[in-house]
Amino acid sequence: MRVTVSRKAHFNAAHRLYNNEWSDARNAEVFGKCANPNYHGHNYELIISVKGKIHPDTGFVMDMKVLKALIREEIEEQFDHKNLNEEVPEFKTLNPTAENISVVIWEKLRNKISEDLELTVTLYETPRNFVTYSGES
Ligand code: NI
């Protein structure tokens, strides 16, 4: 039996979406308000899901205390109340869209979680807009 266990988390962060190689007008056209040079914030909601077999000794797929601590150390402490473009090294040259943030989060967690477990990141940028990444190339 393979079961999915999930943990919700949250961080507030600022970002700006833009492509250096485009004019201001083109950036404004493509990214709208998210291209604002003075940045803007989002209340990001994160769901980390881990899928695998129930361990017979514990009845757990993964110890949620461990997952909680991992999310706090690797994601919340790195991203919360940060300007993603300026303060998070991964976004120095990578546009901090919800898509790219979900991939960065997945990569930060992947090698900290047992290889036997599938990892999925779901990231809400707004209550209605969210992205999902499970390591597909
Ligand atoms: Ni935005």
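Quick look at the structure, then. (Residues numbered from 1 in each chain as written. Predicted model: local features only at pLDDT ≥ 70, side-chain atom pairs only at ≥ 80, totals over all residues. Heavy atoms only, no water.)

Another point: the overall build of the chain. If you tally the helices and strands in the chain, you get four helices and five strands. Taken from N to C terminus, the helices and strands of the chain fall in the order β-α-β-α-β-α-α-β-β. For the C-alpha atoms alone, the extent of the chain along its principal axes is close to 60 × 25 × 25 Å. Scored against the burial criterion, the 137 residues of the chain give a buried share of 40%. Surface summary for the chain: the accessible area is close to 8400 Å², and the carbon and sulfur share equals 48%. Across the chain, the 17 positively charged side chains and the 21 negatively charged ones have centroids separated by 5 Å. (Helix = DSSP H or I, 4+ residues; strand = E, 2+ residues; numbered from the N terminus. Buried < 20%, exposed > 50% of the residue type's maximum accessible area, 1.4 Å probe, protein only. Areas by Shrake-Rupley, 256 points an atom, 1.4 Å probe, with all protein chains shown as cover. Lys, Arg positive; Asp, Glu negative; His and termini not counted. Charge placed at Lys NZ, Arg CZ, Asp CG, Glu CD.)

This next bit is on the coordination of the nickel ion. The nickel ion binds to the protein through H15 (NE2), C34 (SG), H40 (NE2) and H42 (NE2); the donor distances cover 2.1 to 2.4 Å. Given four donor atoms and angles of 91 to 139 degrees at the metal, the environment of the nickel ion is assigned as irregular. On the accessibility criterion, H42 (13% relative accessible area) is buried. (Donors = N, O, S within 2.8 Å, 3.2 Å for Na, K, Ca; no water. Tetrahedral: all angles 85-135°; square planar, octahedral: opposite > 155°, others 65-115°.)

Residue position: E115 is located in the loop between α4 (98-110) and β4 (118-124). Along the sequence, E115 and G52 sit 63 residues apart, while their C-alpha atoms lie 9.8 Å from each other.

Let us look at the pairing of strand β2 (residues 40-53). The sheet contact formed by strand β1 (residues 2-15) and β2 spans 14 bridges and is antiparallel. When the sheet's bridge partners are listed, A14 is paired in β2 with G41. Inspection of the sheet shows β2 paired to β4 by seven bridges, in the antiparallel sense. Within β4, the position partnered with E45 by the bridge is Y124. (Pairing = 2+ DSSP bridges.)

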